Amino acid sequence: MAPVASGSGRLLTVREVAERLGVCRATVYRMCERGELPHVRLSNTVRVVPEALERVLSLK
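Calculation rules
- Residues numbered from 1 in each chain as written.
- Predicted model: local features only at pLDDT ≥ 70, side-chain atom pairs only at ≥ 80, totals over all residues.
- Heavy atoms only, no water.
- Helix = DSSP H or I, 4+ residues; strand = E, 2+ residues; numbered from the N terminus.
- Buried < 20%, exposed > 50% of the residue type's maximum accessible area, 1.4 Å probe, protein only.
- Polar contact = N/O pair within 3.5 Å; in protein donor to acceptor, adjacent residues only side chain to side chain.
- Contact = heavy atoms within 4.5 Å.
- Salt bridge = Lys/Arg side-chain N within 4 Å of Asp/Glu carboxyl O.
- Pairing = 2+ DSSP bridges.

Engineer: Hey, could you run me through the side chain of Glu16 in this one?
Structural biologist: With respect to the helices, strands and loops of the structure, Glu16 is situated in helix α1 (residues 14-21). When its relative accessible area of 17% is taken as the criterion, Glu16 is described as buried. A polar contact is formed between the side chain of Glu16 and the side chain of Arg10, at a distance of 2.4 Å. Sequence-distant contacts of Glu16, that is, excluding residues within four places in its chain, are made with Arg10 and Leu11.

Engineer: What is the right way to look at the pattern of salt bridges in this model?
Structural biologist: Two side chains that carry opposite charge are able to pair once their charged atoms sit near each other. The full count for this structure, using the stated rule, is two salt bridges. In this structure, Glu16 and Arg10 form a salt bridge, with 2.4 Å as the shortest nitrogen-oxygen distance. Linking Arg34 and Glu36 is a salt bridge whose minimum nitrogen-to-oxygen distance equals 2.8 Å. The exposed category is assigned to Arg34, whose relative accessible area is 52%.

Engineer: Sorry, what's going on with the sheet that holds strand β1 (residues 12-13) here?
Structural biologist: Strands belonging to one sheet form pairs held by backbone hydrogen bonds; the direction of such a pair is parallel or antiparallel. Read across the open sheet, the three strands follow the order β1-β3-β2; overall the sheet is antiparallel. Since the sheet does not close on itself, it has two edges, and those belong to β1 and β2 (40-42), each with one partner. Relative to strand β3 (residues 45-48), β2 runs antiparallel, the two being bridged by three bridges. Looking at β3, one finds that Val40 is bridged to Arg47.

Quick look at the structure:
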């Protein structure tokens, strides 16, 4: 699995996370709801800190 590239302080979209995990967006939303993937809610959007995704990837 390739490392997650991110800009300085850039948060990842659900679509980007889904692509990196090889799952659909609905799965990413469910992971967030269950607390499996730390995330940030900004208004009506969900964003993921790249380091949180790295931790999830290292558990696979």
